[in-house]
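Tertiary structure, described
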Amino acid sequence: MDLKEKVRIIDGFPFAGISFKDITPLLSDPDVYMETVNQLEKLVQNLDEKPDIIVAPESRGFFFGIPLAFKMGIGFVPARKPGKLPCEVVSQEYTLEYGTNAIEMHKDAVGPGTKVLIIDDLIATGGTLLATAQLVEKMGGRIVGMAAVIELTDIGGHEKLKKYNPIALISYPC
Ligand SMILES: O=P(O)(O)OC[C@H]1O[C@H](OP(=O)(O)OP(=O)(O)O)[C@H](O)[C@@H]1O
Ligand SMILES: Nc1ncnc2[nH]cnc12
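Quick caveat, the model's predicted, so the values are computed rather than measured.

The rules behind the values
Residues numbered from 1 in each chain as written. Chains lettered and ligands numbered in written order. Predicted model: local features only at pLDDT ≥ 70, side-chain atom pairs only at ≥ 80, totals over all residues. Heavy atoms only, no water. UniProt positions renumbered as here; feature names shortened; annotations may be inferred. Helix = DSSP H or I, 4+ residues; strand = E, 2+ residues; numbered from the N terminus. Buried < 20%, exposed > 50% of the residue type's maximum accessible area, 1.4 Å probe, protein only. Pairing = 2+ DSSP bridges. Near = heavy atom within 4 Å. Polar contact = N/O pair within 3.5 Å; in protein donor to acceptor, adjacent residues only side chain to side chain. 1 Å grid on protein atoms, 1.4 Å probe; cavity = no way out; pocket = protein on both sides within 12 Å on 5 of 7 lines; lining within 4 Å. Sits in = over half its atoms within 2 Å of the grid points. Points joined across faces, edges and corners; volume = space filled by probe spheres on them. Nonpolar A, V, L, I, M, F, W, Y, C, P; charged D, E, K, R; others polar.

**Remarks on the UniProt feature "domain: Phosphoribosyltransferase" (unreviewed entry) in the protein**
Using the residue numbers shown here, the UniProt feature "domain: Phosphoribosyltransferase" (unreviewed entry) corresponds to residues 39-154. Within residues 39-154, the helical portion is 26% and the strand portion 38%, while the C-alpha atoms at the span's ends are 23 Å from each other.

Written out as structure tokens, the structure reads:
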């Protein structure tokens, strides 16, 4: 199945000049959703080391990280937007195309030496996944893979994340 045919593109959302890649059609049809998760599993099956857990950033990362963790029989740990997690957190700021944001994880969510696969729906500037990776590493976790459904190739994300060798199912220039 060609998943690229299923992604809906909305030019000018949320701002003029942005070509928004809407992944909701990948979720609403069960066959397409399953195929997407199957393709992600294949994409990560040749990592050098098998991950112990998947970490994914809120919220679109959850759509793919959770079913993939189920399928791989490993745990899932969320990285959340600020103020959502009830226990002690570690926090990481990151830059967006405009302004800054932050992401948080429970301080005890990833033990030292835990092998982590990071999953998200889309890599644009790479800021979200870099912050997620930095949080995992602050806790002593070891990143063994980083994958997304979509990668935008011409806006610097790959370069920013190159030490993690990010991989994606579908790519667009921007
Ligand atoms: O590579 P970047 O430039 O960081 O952009 C990619 C991130 O942006 C989107 O999340 P968003 O912050 O819009 O939140 P959402 O998942 O809750 O929609 C998307 O789901 C990625 O996580
Ligand atoms: N072009 C884009 N489409 C969908 N989500 C995004 N997040 C950041 N850039 C995006």
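**A few points about the pairing of strand E5 (residues 89-95)**
Burial of the side chains of E5 is restricted to one face: Val90, Gln92 and Tyr94 are buried, whereas none of Val89, Ser91, Glu93 and Thr95 on the reverse face is. Inspection of the sheet shows E5 paired to strand E6 (residues 100-106) by seven bridges, in the antiparallel sense. The partner of Thr95 across the bridge, within E6, is Thr100. The hairpin turn running from E5 into E6, its antiparallel successor, is four residues long, and Gly99 in that turn takes a positive phi close to 90 degrees.

**Observations concerning the site of ligand 2**
In the vicinity of ligand 2, the residues found are Ile18, Ser19, Phe20, Lys21, Arg60, Leu122, Ala124 and Leu152. Measuring from a nitrogen atom of ligand 2, one finds a side-chain N or O atom of Arg60 at 2.9 Å. In this structure, ligand 2 is accommodated by the largest pocket. Considering every element that reaches the shell around ligand 2, the biggest residue donor is strand E2 (residues 19-22), with three residues.

**Digging into the layout of surface pockets**
For the largest pocket, the calculated volume is near 880 Å³. Around the largest pocket, the lining comprises 32 residues; the ones closest to its centre are Arg60, Leu96, Glu97, Leu122 and Ala124. Broken down by secondary-structure element, the contributors of at least two residues to the lining of the largest pocket are E2, helix H3 (60-72), E5, strand E7 (115-123) and helix H4 (127-138). Top element by residues in the lining of the largest pocket is E7. It accounts for four residues. Of the residues assigned to the lining of the largest pocket, the class counts are 15 nonpolar, ten polar and seven charged.

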